[in-house]
Amino acid sequence: MEAFYAYVKATIYKLIGFTCIVAAVLFAGGWWQYMSGWCIGSGLNIVYFFMLSSRSVRALKLPPPQAASFIRGGAVFRLVFICLAVIVILQFPSISLGAAVAGIFSYRVLVFADVLTARLRR
């Protein structure tokens, strides 16, 4: 369990760091119109990751059949959460939808970078 907590903590730090680095690049490059979308999307990504990890920890305490249905229910809830957030983002034309979606998917970039660095270390 401690290894899982260490992974979650490290991933949250990486997500926050990646968000800040990309926001600084957007600011330095003069692409201010994308800053709000990126920060909102990355914030949603961090909230999604917190929801996923807390659900996973609670599922470990359940018997396997209940844990499977508990995780499936959590997946539906997280998907609805992201869909509703994107609908709200669409109501504000000043927020770049592309930047928000890129922020939401930034976790995939971190996973790819982790796998790549692990393979390069071998």
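Scroll up a little and you will see the structure.
Anyway, here's the lowdown on the structure attached to this text. A quick note: this is a predicted structure, and the numbers were derived from the prediction, not measured.

Let's talk about the side chain of Ser53
Next, step 1: Note that Ser53 resides in helix H2 (residues 35-59).
Next, step 2: Here Phe49 takes part through its backbone oxygen, which lies 2.5 Å from a polar atom of the side chain of Ser53.
Next, step 3: Those residues in contact with Ser53 that lie beyond four places of it in its chain are Phe4 and Val8.

A look at the environment of Tyr5
Next, step 1: Here Tyr5 is to be found in helix H1 (residues 2-29).
Next, step 2: A relative accessible area of 41% places Tyr5 in the partly exposed class.
Next, step 3: Residues Tyr5 and Ser53, 48 residues apart in the sequence, show an inter-C-alpha distance of 8.9 Å.

Considering the packing of H1 against helix H5 (residues 106-121)
Next, step 1: The geometry of H1 relative to H5 is characterised by a closest axis approach of 10 Å and an angle of 115° between their N-to-C directions. By crossing handedness, the relation of H1 to H5 is classed as right-handed. Between H1, through Tyr7, Thr11, Lys14, Leu15 and Phe18, and H5, the contact on the second element is made entirely by Ser106, Tyr107, Val109, Leu110 and Asp114.
Next, step 2: Partitioning the contact of H1 with H5 into residue classes produces six nonpolar, two polar and two charged.

Details of helix H3 (residues 64-90)
Next, step 1: Under the 1.5 Å per step criterion, the end-to-end length of H3 is 39 Å for 27 residues, consistent within 8% with the ideal 39 Å.
Next, step 2: Taken residue by residue, H3 has Ala67, Gly74, Arg78, Ile82, Ala85 and Ile89 as its buried positions.
Next, step 3: Of the surrounding elements, those touching the buried residues of H3 are H2 and helix H4 (97-104).

Cut-off values and rules
- Residues numbered from 1 in each chain as written.
- Predicted model: local features only at pLDDT ≥ 70, side-chain atom pairs only at ≥ 80, totals over all residues.
- Heavy atoms only, no water.
- Helix = DSSP H or I, 4+ residues; strand = E, 2+ residues; numbered from the N terminus.
- Polar contact = N/O pair within 3.5 Å; in protein donor to acceptor, adjacent residues only side chain to side chain.
- Contact = heavy atoms within 4.5 Å.
- Buried < 20%, exposed > 50% of the residue type's maximum accessible area, 1.4 Å probe, protein only.
- Axes fitted to C-alpha atoms, helices over the stretch in contact; angles between N-to-C directions.
- Left-handed = near helix turned anticlockwise from the far one by under 90°.
- Nonpolar A, V, L, I, M, F, W, Y, C, P; charged D, E, K, R; others polar.
- Expected span 1.5 Å × (residues − 1).

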